Amino acid sequence: MRRVRKTGRTAISGDEATITSADIARMAGVGRAAVSNWRRRYEDFPEPVGGTATSPTFSLKAVETWLLGQGKVEELPLRERVWQHIRMAADDLRLGEVVAEATELLHGRGKARLVPRPAWKLIKQYAEEQGAAEVIRFLVDRFADVQSRRLAETPAEVAAFMADLAGPDVRTVLDPACGLGTLLAVVTQAHRAHGQEYEEPLARLAQARLALSEVDGSVKTGDSLRQDAWPGLVVDAVVCHPPFNERNWGYEELASDPRWEYGLPPKSESELAWAQHALAHLRPGGVAVLLMPEIAANRRSGRRIRSNLLRRGAVQAVIALPPKIAPGTGLPVHVWVLRKPAGDDRTPSRVLMAMAEPSTFDVIADRWREFCRDPEQAIDVPGESRTVPIIDLVDEDVDISPARHVGLADGQPGDYLAIRADFLDRLERLAALVPQAVPGHAREMPMVALSELERTGALSILQSGRYDAEGSGHLVLEGGQVFTGGQPMTRAHPDDRVMIQPGDVVVASRDREIATRVAEVPGLLLGPRLTLLRPHPDRLDSYFLAGFIRTLSTGGGATQSGVSRFDPRRAHVPRLPLDDQHRYGHLWRDLFLFEAELRATGEHGFMTASSLAMGLITGTLNPP
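Residues numbered from 1 in each chain as written. Predicted model: local features only at pLDDT ≥ 70, side-chain atom pairs only at ≥ 80, totals over all residues. Heavy atoms only, no water.

## Quick look at the overall build of the chain
At step 1: In terms of regular secondary structure, the chain is built from 21 helices and 24 strands.
At step 2: Relative to the globule expectation of 25 Å for 624 residues, the C-alpha radius of gyration of the chain, 27 Å, shows essentially globular dimensions.
At step 3: Seen through its C-alpha atoms, the chain measures out along the principal axes to roughly 75 × 65 × 50 Å.
At step 4: Residue burial in the chain is summarised as follows: out of 624 residues, 51% are buried.
At step 5: Within the chain, contacts between residues at least 6 apart in sequence are counted, and of these 69% link residues at least 24 apart. (Helix = DSSP H or I, 4+ residues; strand = E, 2+ residues; numbered from the N terminus. Rg over C-alpha atoms; globule rule 2.2 N^0.38 Å. Buried < 20%, exposed > 50% of the residue type's maximum accessible area, 1.4 Å probe, protein only. Contact = heavy atoms within 4.5 Å.)

## As for the packing of aromatic side chains
At step 1: By the definition in use, this model includes 14 aromatic pairs.
At step 2: Seen from their ring centres, Tyr42 and Trp66 are 5.3 Å apart, and the 75° between their planes marks the pair as edge-to-face. Separated by 24 residues along the polypeptide, Tyr42 in the loop between α2 (32-41) and β4 (50-51) and Trp66 in helix α3 (residues 60-70) bring together distant segments of the chain.
At step 3: Residue class for Tyr42 comes out buried when judged on its relative accessible area of 19%.
At step 4: By way of ring pairs, the aromatic residues Tyr543, Phe544, Phe548, Tyr584, Trp588 and Phe592 are connected into one cluster.
At step 5: Sitting over the ring of Trp230, Lys220 keeps its end group 4.0 Å from the ring centre. (Phe/Tyr/Trp six-rings, centres within 6.5 Å; stacked < 30°, edge-to-face > 60°. Lys NZ or Arg CZ within 6 Å of the ring centre and 35° of its normal.)

## With respect to unusual backbone geometry
At step 1: In this structure, Asn245 takes a positive phi of about 55° despite not being glycine.
At step 2: Topologically, Asn245 is positioned in the loop between β9 (235-240) and α12 (270-280).
At step 3: Residues other than glycine seldom take positive phi values, yet Arg529 does so here, at roughly 60°.

## Quick word on the sheet that holds strand β23 (residues 531-535)
At step 1: The 4 strands are arranged β17-β23-β20-β21 in an open sheet whose pairing can be described as antiparallel. With partners counted over all chains shown, the strands left at the sheet margins are β17 (459-463) and β21 (513-518), one partner each. When the angles between neighbouring strand axes are averaged without regard to direction, this sheet yields 20°.
At step 2: Pairing of strand β20 (residues 505-510) with β21 involves 6 bridges; the strand directions are antiparallel. Directly across from Val505, in β21, lies its bridge partner Val518. (Pairing = 2+ DSSP bridges. Axes fitted to C-alpha atoms, helices over the stretch in contact; angles between N-to-C directions.)

## A look at the sheet that holds strand β22 (residues 525-526)
At step 1: As summarised here, the arrangement of the 3 strands in space is β19-β18-β22, forming an open sheet in which the pairing is mixed. In this open sheet, the two strands that pair with only one neighbour each are β19 (491-492) and β22.
At step 2: As paired elements, strand β18 (residues 474-477) and β22 share 2 bridges and run parallel to each other. Each residue of the ladder has a partner; that of Val476, found in β22, is Leu525.

## Remarks on the pattern of salt bridges
At step 1: This structure, assessed with the given rule, holds 35 salt bridges.
At step 2: For Glu97, the salt bridge identified is with Arg94, shortest N-O distance 3.1 Å.
At step 3: Exposure remark for Glu97: the relative accessible area of 23% places this residue in the partly exposed category.
At step 4: With relative accessibility at 41%, the residue Arg94 sits in the partly exposed group.
At step 5: One network of salt bridges, in which partners are shared, links Arg300, Glu396, Asp397, Asp399 and Arg404. (Salt bridge = Lys/Arg side-chain N within 4 Å of Asp/Glu carboxyl O.)

## A short note on the state of the cysteines
At step 1: Across all of its chains, the model carries 0 disulfides by this definition.
At step 2: Of all cysteine sulfurs in the structure, the one in Cys240 sits closest to Cys178, which takes part in no disulfide; the separation is 8.9 Å. (Disulfide = S-S within 2.5 Å.)

In structure tokens, the structure reads:
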């Protein structure tokens, strides 16, 4: 007998698929705001069948019928039908098991126990159309999206930065808290990857992700601190985003563990247990790159272990990242770079401290390589990086927070009057650049998918995979510069790489954010992990395309809200005549110019404040 639950006027059998407003938005290629608007405007929109008042669920079958009947979609995307049938098979607690089983079936392993027959039929159809690898990537990414609050995956750009810090010579790598395998998958130069994950479904999905990245690896299940699945393993590098603030990490039963070479971690310092676990698995001279909460750098209870790590040369670098860059936590975070001391090593006398953000990741990675070549050199770039003598760190607090040791940004006290005058001039220019627009009536624009524009020849879509800059050749436009408007600095040779042309729209993505940049000069190479949209000028306006792609893909009617990478074939733009596109394009261009000047003005504002503060501290400036 099937259980039936009732809500309001609608009843739905307990084994029928239900979906959320976010799911409906994905199916229709619109934002959640549009779904809320449909619920208000259309009396025949399906009634909720479950969930809560703020997060209702709807019958998949009823929503499919309504969308098709209203002409909101010509046909339901196959991938969305696949996902909804996967969701139908289990609640959120067991969803990972179903997705893991589906990925294994696509690899030709195991038998279907949890994946329903209708779902497997659709999955095979999807695989025949797009290939098994694309289906696996879709399932893993969608699962990560749905479970984002619980999983707290490392943002793709932070993971790439950490892999860069690990170095180019990594042949074996370990992540003892690998989650979905994000960090292991980006260390693509490794010949062999090893992972461990507490939850079995996540370990299985991490294994699937490794297979996609063509990294030879194995992921085991278990608690790394209590039951190390890789005893005796030594590797070139450990990359890890460990769980933060874990009280029940095994303090009592692990008190005499030989891994605590630098001291028994206090019960409140689980992160220092993970740091020593990482060091225990390194070969002499190997490097560990860990994402750590800021408080681990200065919490009083951990000062003895931090002191021992410093005195023995294990701490090589501490890099502060922007607030809220790590999902799932509001905590500020640092990247710690640790090195396993070798027997004949000379203990270094300095530690690299740095402040980084996505736009400066490449610069800081270069600074790290510069430090590795000569750890004794003095580096002091105000506001960016500094090598701090270890003797200055081993004091009563043993505070290794970069913010405490990296100097203030550019701007000497004696320059304040000139800096202030320049800032006021910029404010005037900024005011003149504020775009003008006229009021209009709210309406729903007809939308068209980029995949349809590509099919009809209005647009070409080109993408670049991951590759390393070579230091010579053509300048490379990278993701950070798309976000900040900065100038390219790195170089690579153009062999088998995409050359950017004027009018091209370059799209970059990072954690839940999309940026676009319209190329105005030729000669740049498309950087790693970027998408290029090349519109036919007689059919599409570049700035129209760039503006709507950026805004519709990150909020306010998002087609891709909540995703961590840009999927061009899922994105939509309004379907408008070319003359109307040009009108919108001119305004988008004005907005881009205004935003660029706003960023520059903000930077100069902080420089002005910094210069004034330095002048007041040193006495070279006084109150009027």
